[in-house]
Amino acid sequence: MAERILLVEDEEKLARMVELELNYEGYQVEKALDGRSGLELALGGGFDLVLLDIMLPQLSGMEVLRRLRRESQVPVIMLTARDSVVDKVAGLDSGADDYITKPFAIEELLARIRAALRNKGGPANVPLAVGPLVMDVEKHQVTVRGQSVELTKKEFDLLHHLLENKNRVLSREALLDAVWGFDFVGETNSVDVYIRFLRSKLDDAFGLKLIHTVRGVGYVIKEE
Ligand code: CA
């Protein structure tokens, strides 16, 4: 079955071009030319991925994303006209999975779409677990001994990456790249900060020791 992509983009020429290319690659595409109708369509569900422009009439892409994330974890790739770090960070913080700066090469967009779809479908069905901690990626849920734990998007993504690499030591840089993105501009100590959040919600709250610091190297999640 063809994967369905929602394209929310007010530049009609660009939208039409992207639609043609995506059709050619075998994707089914629906278009919305403003934020409000884009949000409506996205909330209607049934899409495997959303391509979302940031500068949109009626409702900005960021606002669409914010409202969409209250109800849906559909992968979202933001399209940003400006090469603005602020937009990217804000987008990723609001729950975007990736972003691409306009103008972009269609090959790059296709590669990012494939990656986003892969992340969504891939090993997600295998429950990720360490000790009494279980992550259900599909449901975006983390439980410890069956008790559900509330995590922010960033915390969840970081834990997800640690679990996918269980028993493997990951450097701060590797975690930053995987969770915040290669172009992240900021401090590597963001990783330390979020590790601290995770520890307090998981290890400390449940009397566990799952997240380990490897001095001078980075972090690893494993049973003690
Ligand atoms: Ca626009």
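The preceding data block contains the structure.
Residues numbered from 1 in each chain as written. Predicted model: local features only at pLDDT ≥ 70, side-chain atom pairs only at ≥ 80, totals over all residues. Heavy atoms only, no water.

1. Side note on the pattern of salt bridges
For the structure on display, the rule yields 14 salt bridges. Between Arg-67 and Glu-63 there is a salt bridge, with its nearest N and O atoms 2.9 Å apart. Of the two residues, Arg-67 and Glu-63 both sit in helix α3 (residues 61–69), 4 residues apart, roughly one turn of that helix. Here Arg-112 ties to Asp-98 by a salt bridge, and the two come within 2.9 Å at their closest N and O atoms. On the criterion of sequence distance, the pair formed by Arg-112 in helix α5 (residues 106–121) and Asp-98 in strand β5 (residues 98–101) is long-range, its members being 14 residues apart. The class for Arg-112 is partly exposed, based on a relative accessible area of 23%. (Salt bridge = Lys/Arg side-chain N within 4 Å of Asp/Glu carboxyl O. Helix = DSSP H or I, 4+ residues; strand = E, 2+ residues; numbered from the N terminus. Buried < 20%, exposed > 50% of the residue type's maximum accessible area, 1.4 Å probe, protein only.)

2. Focus: the nonpolar core
Membership of the largest hydrophobic core comes to 29 residues, with the highest contact counts inside it found for Leu-133, Val-142, Leu-159, Leu-162 and Leu-202. When neighbours within four sequence positions are excluded, Leu-159 is seen to be in contact with Leu-133, Met-135, Val-142, Leu-151, Leu-198, Leu-202 and Ile-221. Among the nonpolar cores identified, the runner-up in size contains 21 residues, and Val-50, Leu-56, Met-78 and Ala-96 belong to it. (Core = buried A, V, L, I, M, F, W, Y, C linked by side-chain atoms within 4.5 Å. Contact = heavy atoms within 4.5 Å.)

3. Some words on the coordination of the calcium ion
For the calcium ion, the full set of protein donor atoms is Asp-10 (OD), Asp-53 (OD) and Met-55 (O), at a range of 2.1 to 2.3 Å. All donors to the calcium ion come from one chain, and their sequence spacing reads D-x42-D-x1-M. With Asp-10 in the loop between β1 (4–8) and α1 (12–24) and Met-55 in the loop between β3 (49–53) and α3, this pair connects stretches of sequence that are 45 residues apart. Look at Asp-10 and you get partly exposed, because its relative accessible area is 30%. (Donors = N, O, S within 2.8 Å, 3.2 Å for Na, K, Ca; no water.)

4. A word on the packing of aromatic side chains
Tallied over the full model, the rule gives 2 aromatic pairs. With a centroid separation of 5.4 Å and 70 degrees between ring planes, the pair formed by Trp-180 and Tyr-194 is classed as edge-to-face. Here Trp-180, found in helix α7 (residues 172–180), pairs with Tyr-194, found in helix α8 (residues 189–206); they are 14 residues apart in sequence, far enough to count as distant. According to the relative accessible area criterion, Trp-180 is buried, its value standing at 6%. The interplanar angle of 80 degrees and the centroid separation of 5.2 Å between the aromatic rings of Tyr-194 and Phe-197 together place this pair among those described as edge-to-face. Of this pair, Tyr-194 and Phe-197 both sit in helix α8, 3 residues apart, roughly one helical turn. For Tyr-194, a relative accessible area of 21% corresponds to the partly exposed category. (Phe/Tyr/Trp six-rings, centres within 6.5 Å; stacked < 30°, edge-to-face > 60°.)

5. Some words on the sheet that holds strand β4 (residues 76–80)
Strand order in the open sheet made by the 5 strands is β2-β1-β3-β4-β5, with parallel pairing throughout. At either margin of the open sheet sits one strand with a lone partner, and together these are β2 (28–32) and β5. Here the strands of the sheet are splayed against their neighbours by 20 degrees on average, with no regard to which way each runs. Note that β1 and β3 share 4 bridges and pair parallel. What sits directly across from Leu-6, in β3, is Val-50. Against the sheet, α1 makes contact with β1, β2 and β3, and its axis sits at roughly 165 degrees relative to β2, the strand it touches most. Of the strands in this sheet, β3 and β4 touch α3, which is tilted by about 170 degrees from β4. (Pairing = 2+ DSSP bridges. Axes fitted to C-alpha atoms, helices over the stretch in contact; angles between N-to-C directions.)

6. Considering the sheet that holds strand β10 (residues 170–171)
The strands that make up a sheet are held in pairs by hydrogen bonds between backbone atoms, and each pair lies either parallel or antiparallel. Strand order across the open sheet formed by 3 strands is β10-β12-β11, with antiparallel pairing between neighbours. Sheet topology places β10 and β11 (211–214) at the edges, where each strand pairs with a single neighbour. Bridge count for β10 against strand β12 (residues 218–221) is 2 bridges, and the pairing is antiparallel. From the neighbouring strand, Ser-171 faces β12, where its bridge partner is Gly-218. Across the sheet, helix α6 (residues 153–164) lies against β10 and β12, angled at about 75 degrees from β12, the strand it touches most.

7. Some points on the pairing of β4
In terms of residue burial, β4 counts as a mostly covered element, since 5 of its 5 residues are buried. Burial along β4 is two-sided: Val-76, Met-78 and Thr-80 facing one way and Ile-77 and Leu-79 facing the other are all buried. Looking at chain direction, β3 and β4 are connected through 4 bridges and run parallel. Within β4, the residue paired with Leu-52 across the bridge is Met-78. Traced from β3 through α3 to β4, the parallel crossover comes out right-handed. Taken together, the 4 bridges between β4 and β5 define a ladder with parallel strand orientation. Note that in β5 the partner of Ile-77 across the bridge is Asp-98. (Right-handed = clockwise from strand over helix to strand, strands pointing away.)

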